[in-house]
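Residue-level listing of the chains:
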Amino acid sequence: MKKQQHDILNCELIVVSGKGGVGKTTVVAALGLVASGCDKETIVCEVSGQRRVPALVGHPTAGAPGSEEQVAPELWTTTIDPELALVEWAGKLIRPRALLDLAVRSNSFAGFINAAPGGRELLTITKAAELSRDERWDSEAVGYQLVILDAPASGHGLAMLKTPTTFAEIARVGPIASQAREVEALLADLSRSRVVLVSTLEETPVNETLELDAALRKQLGRGADLIIANGLTADGLDDSEIAQLKAAGSALDSSVEFAIEARHARAALQQEQLQRLRDGANCPLIVLPAITSHAVGPDEVEEIASLLADQLSQLD
């Protein structure tokens, strides 16, 4: 029996962004587990040479650059290398094969990527979109039902989402323009793509999240489809109980009292930032609790995935 198909997952591509250090990749890994648990053939894509997701879901190896590696039932991961993506795409266009080999040996592709402003971003988002197609650049490869892209942080993530439109306007004809327009259409179609923003409940990440959502609306004509507030601390105490604690005086060790008061103050500040997100968001908001363990591993990601699935079901 299939598990519930959450609405946020009913698309081809989910782009996840947020300020660095907010737990974005951990949330991406958990989201991949949720999707694969719904019997969707899902691939999670990392960028900039990162390959953290396999370990986060308990897979011991990381495949070769550009490889698509199965790490769990219905779940694959890959790292998008723009140069490898360009070579793969060019393989469909350049004939005979000897010309492609010559271009690779002469570093022509690396030169193009480094010379073209936004070239890396365009190839990354184009490769992510290609992974969901029935007809892949590699004729022997099969498309995935869902692609989850662990996009660069905030402003860089926005730049990546803008590049297809930019290149479509600059290169009005030819294969680059055609690819750019296909990706532009995918990102503009709210039924085919989603944008998820991840934030912690601190002033700067919340500011960046709200600013990024506004920039998406202004520059792409669409905002975030979901915001995930990560790492909520809940101490279970109210101000009156803290007052009673202080009144107890020497009944508690001073270090214990300080730790309790500091945790309560942090929880209160987080609630203020959570309210800011609620007031400023133009989309559904999910809140995930702080993980108490010192390191995040497969057990913690499974826990986050379960909590995420529960909250997604409440949105449907």
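Above this text is the structure in question.
Cut-off values and rules
Residues numbered from 1 in each chain as written. Predicted model: local features only at pLDDT ≥ 70, side-chain atom pairs only at ≥ 80, totals over all residues. Heavy atoms only, no water. Helix = DSSP H or I, 4+ residues; strand = E, 2+ residues; numbered from the N terminus. Buried < 20%, exposed > 50% of the residue type's maximum accessible area, 1.4 Å probe, protein only. Contact = heavy atoms within 4.5 Å. Areas by Shrake-Rupley, 256 points an atom, 1.4 Å probe, with all protein chains shown as cover. Pairing = 2+ DSSP bridges. Right-handed = clockwise from strand over helix to strand, strands pointing away.

Okay, the overall build of the protein next. Regarding its fold elements, the protein presents 12 helices and eight strands. Residues classed as buried in the protein amount to 47% of the 316 residues present. Within the protein, contacts between residues separated by at least 24 positions form 72% of all contacts whose residues are at least 6 apart in sequence. By element, 52% of the accessible surface of the protein is carried by carbon and sulfur atoms, the whole surface being about 15300 Å².

Among the seven residues in strand 7 (residues 226-232), seven count as buried, and that is most of the element. As paired elements, strand 6 (residues 193-200) and strand 7 share five bridges and run parallel to each other. If you follow Thr-200 over to strand 7, its bridge partner there is Asn-230. What joins strand 6 to strand 7 is helix 9 (residues 203-220), and the crossover it makes is right-handed. Note that strand 7 and strand 8 (residues 285-289) share four bridges and pair parallel. Residue pairing across strands places Ile-228 opposite Ile-286, the latter belonging to strand 8.

Read these as layout, nothing more, since geometry by itself doesn't imply function.
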